[in-house]
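Below are the chains, spelled out letter by letter.
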Amino acid sequence: DFLLEIYDVLIHIDPNIEEEHFDLFVREMNPQISNLLKSFTSTEPVLWCYDADQIIPIKFSDIFELTVAKTGTKISTKDHAYFYRERLSHFKSNLPNDFIEASGSTIFNYHYLDHLELLDNGLIDAILTNGSHIQISRRKIKNLKARLGL
């Protein structure tokens, strides 16, 4: 896992700069710093999420489920949950096309869909490969079927 304690961060925001750049001053190169550099130079987008007091980049391709939380968004991967400090409604339109809205409070990555279960009450549960059950709201069933080609 990528873990990094940051002691001193200085960020300059200037709309007049010609080229954006990132400067990093360290005493020595170590695996944590190397992972940090890889995350900044990766072409795959990430969400910077919290795990207790650590900030960790989570690739969109590793995200199974996004769920509304009290003050932000719960980000679930195969076997861990993280916290993202932005409301789901503020960034859901920027998510890659791999995500399907299950309800107003939950979005899931269809690449991790194992199967669908038709419930006795006529609703549908999406079962993900990590065992998570996500109930599809009645308003979202039509969109789910269209996105999955059903």
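In the block above lies the structure referred to throughout.
Just so you know, these numbers come straight off a predicted model, no measurement behind them.

**Brief notes about the pairing of strand β2 (residues 54-59)**
In the sheet, strand β1 (residues 46-51) pairs with β2 via 6 bridges, with the strands oriented antiparallel. For Asp 51, the partnering residue across the bridge sits in β2 and is Gln 54. Taking the residues that link successive antiparallel strands as the turn, the β1-β2 hairpin has 2 residues, and the phi of Ala 52 there is positive, at about 60 degrees.

**Some words on the pattern of salt bridges**
Counted under the stated rule, the structure contains 2 salt bridges. Lys 140 is the salt-bridge partner of Glu 101, the closest N and O atoms lying 3.6 Å from each other. Here the residue Glu 101 occupies a position in strand β6 (residues 99-103), and Lys 140 occupies one in the loop between β10 (133-136) and α3 (141-148), the gap between them amounting to 39 residues. Each member of the salt-bridge network shares a partner with another, and the members are Lys 92, Glu 101 and Lys 140.

**Here's the deal with the side chain of Thr 73**
Mapped onto the secondary structure, Thr 73 falls in strand β4 (residues 73-76). Within the structure, the side chain of Thr 73 is placed 2.7 Å from the backbone oxygen of Glu 86, a separation counted as a polar contact. In this structure the side chain of Thr 73 is engaged in a polar contact, spanning 3.0 Å, whose partner is the backbone nitrogen of Leu 88. Beyond its immediate stretch of four places on either side in the chain, Thr 73 contacts Leu 66, Thr 67, Tyr 82, Phe 83, Tyr 84, Glu 86, Arg 87, Leu 88 and Phe 91.

**Regarding the sheet that holds strand β9 (residues 124-128)**
The strands making up a sheet associate through backbone hydrogen bonding, with each pair oriented either parallel or antiparallel. Strand order across the open sheet formed by 3 strands is β8-β9-β10, with antiparallel pairing between neighbours. Two strands lie at the open edges of the sheet, namely β8 (113-118) and β10, each paired on one side alone. Neighbouring strand axes in the sheet, compared pairwise and without regard to direction, differ in orientation by 25 degrees on average. Both β9 and β10 contribute to a ladder of 4 bridges, which runs antiparallel. What sits directly across from Ala 126, in β10, is Ile 134. Contacting β8, β9 and β10, α3 runs over the sheet at an angle of about 135 degrees to β8.

Conventions adopted
Residue numbering note: each chain is counted from 1, following its sequence as written. Only residues with pLDDT of at least 70 get local features here, since the model is predicted, and only at 80 or more are side-chain atom pairs given and counted; chain-wide, interface and lining totals rely on the full set of residues. Hydrogens and waters are ignored; side-chain quantities use all the structure's heavy atoms. Think of it this way: DSSP has to see at least two bridges between two strands before they count as a pair. Secondary structure follows DSSP: runs of H or I at least 4 residues long count as helices, runs of E at least 2 residues long count as strands, and numbering of each begins at the N terminus. Salt bridges, as used here, are contacts in which a Lys or Arg side-chain nitrogen is within 4 Å of a carboxyl oxygen on Asp or Glu. The definition of a polar contact used here is a pair of N or O atoms within 3.5 Å, where within protein one atom must be able to donate a hydrogen and the other to accept one, and adjacent residues in sequence count solely through side-chain atom pairs. Residue contacts are counted whenever heavy atoms from the two residues lie within 4.5 Å of one another. In this description, a line fitted to the C-alpha atoms serves as the axis of each element, helices being fitted only across the stretch in contact, and the angle between N-to-C directions of two axes falls anywhere from 0 to 180 degrees.

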